[in-house]
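Single-letter residue listing:
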Amino acid sequence: MNIFEALRESHERQRGYADALIRTSGDTPERVEAYQRLKSELQAHETAEERHFYIPLMEFDNGVDLSRHAISEHHEMDEMMEELDETDMSSPTWLVTAKKLAEKVHHHLKEEEQKFFQMAGKLLDEKQKEQLAGQYEKEYKAQLS
């Protein structure tokens, strides 16, 4: 497995969790569970991805701006999750923020897969792609537990 395959697996989970979240309503166990799944997935993925994909890409001049942009989007998502944590789940503003988060997740993943992966594919060799996948997976699992 290479780093792109490893990241796509998490991306698919994120898409599913984000979609499931915005289909929930009120302060219900379903919403609590959907939000917790998405939040855990995003946080584990962000940490592992930044350490074992974006930081290594910053070693290349062509990878710096790309990595900074992606990390800033991670930060935006973190801020939205903080806002959700501080808002009552039954509040209409909670769903508005959750929808913004879901939109940001979809935008970010699409951008990564269509732009960032192509650039990174040119910068990293096959051995690096496989090594980063192993490091990413290990970190990702550690973050989830």
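Quick notes on the rules
- Residues numbered from 1 in each chain as written.
- Predicted model: local features only at pLDDT ≥ 70, side-chain atom pairs only at ≥ 80, totals over all residues.
- Heavy atoms only, no water.
- Patch = residues over 30% accessible without salt bridge, like charges linked within 9 Å, V, L, I, M, F, W, Y side chains within 5 Å.
- Areas by Shrake-Rupley, 256 points an atom, 1.4 Å probe, with all protein chains shown as cover.
- Salt bridge = Lys/Arg side-chain N within 4 Å of Asp/Glu carboxyl O.
- Lys, Arg positive; Asp, Glu negative; His and termini not counted.
- Charge placed at Lys NZ, Arg CZ, Asp CG, Glu CD.
- Helix = DSSP H or I, 4+ residues; strand = E, 2+ residues; numbered from the N terminus.
- UniProt positions renumbered as here; feature names shortened; annotations may be inferred.
- Buried < 20%, exposed > 50% of the residue type's maximum accessible area, 1.4 Å probe, protein only.
- Polar contact = N/O pair within 3.5 Å; in protein donor to acceptor, adjacent residues only side chain to side chain.
- Contact = heavy atoms within 4.5 Å.
- Core = buried A, V, L, I, M, F, W, Y, C linked by side-chain atoms within 4.5 Å.
- Phe/Tyr/Trp six-rings, centres within 6.5 Å; stacked < 30°, edge-to-face > 60°.

Enquirer: How should I be thinking about a negative patch on the surface in this particular structure?
Expert: A contiguous patch of negative charge, built from Glu79, Glu82, Glu83 and Glu86, is present on the exposed surface. By the secondary structure assignment, glutamate 83 is in helix H3 (residues 61-86).

Enquirer: Would you mind going over the UniProt feature "domain: Hemerythrin-like" (unreviewed entry) in the protein with me for this structure?
Expert: On the UniProt side, "domain: Hemerythrin-like" (unreviewed entry) is annotated at positions that read residues 3-120 here. For residues 3-120, helix accounts for 88% and strand for 0%, while the C-alpha atoms at its two ends are 10 Å apart.

Enquirer: Please explain the side chain of lysine 39 as it appears in this structure.
Expert: Along the chain, lysine 39 falls in helix H2 (residues 29-57). A residue is classified by how much of its surface remains accessible, and lysine 39, at 14% relative accessible area, is buried. Among the polar contacts listed, one links the side chain of lysine 39 to the side chain of aspartate 85, at a separation of 2.6 Å. Excluding residues within four positions of it along the chain, lysine 39 makes contact with Met81 and Asp85.

Enquirer: Explain the nonpolar core to me, please; I cannot follow it from the model alone.
Expert: General note: in soluble globular proteins, nonpolar side chains tend to be found buried as a group. Core analysis: the biggest nonpolar cluster contains 20 residues, and Ile3, Phe53, Leu57 and Tyr136 have the highest contact counts within it. When contributions to this core are tallied by element, the ones reaching two or more residues are helix H1 (3-22), H2, H3, helix H4 (92-123) and helix H5 (126-144). With 5 residues, the single largest contributor to this core is H2. Dropping the residues within four chain positions of it, phenylalanine 53 is found in contact with Ile3, Phe4, Leu7, Ala48, Phe117, Ala120 and Leu124. Membership of the second largest hydrophobic core comes to 17 residues, among which are Leu38, Met77, Leu84 and Ala102.

Enquirer: Explain the packing of aromatic side chains here, please?
Expert: One pass over the full model with this rule turns up 7 aromatic pairs. Summarising the aromatic geometry, the rings of tyrosine 54 and phenylalanine 116 are spaced 6.2 Å apart at their centres and angled 90 degrees between planes, so their arrangement reads as edge-to-face. In this pair, tyrosine 54 is assigned in helix H2 and phenylalanine 116 in helix H4, connecting sequence segments 62 residues apart. With a relative accessible area of 0%, tyrosine 54 lands in the buried category. Considering the side-chain rings of tyrosine 136 and tyrosine 140, the 5.8 Å spacing of their centres and the 20 degrees angle between planes classify their relative orientation as stacked. Here tyrosine 136 and its partner tyrosine 140 are both found in helix H5, 4 residues apart, which amounts to about one turn of the helix. Overall, the relative accessible area of 1% leaves tyrosine 136 in the buried class. Three or more aromatic residues link up through ring pairs in this structure, and these residues are Phe4, Phe53, Tyr54, Phe116 and Phe117.

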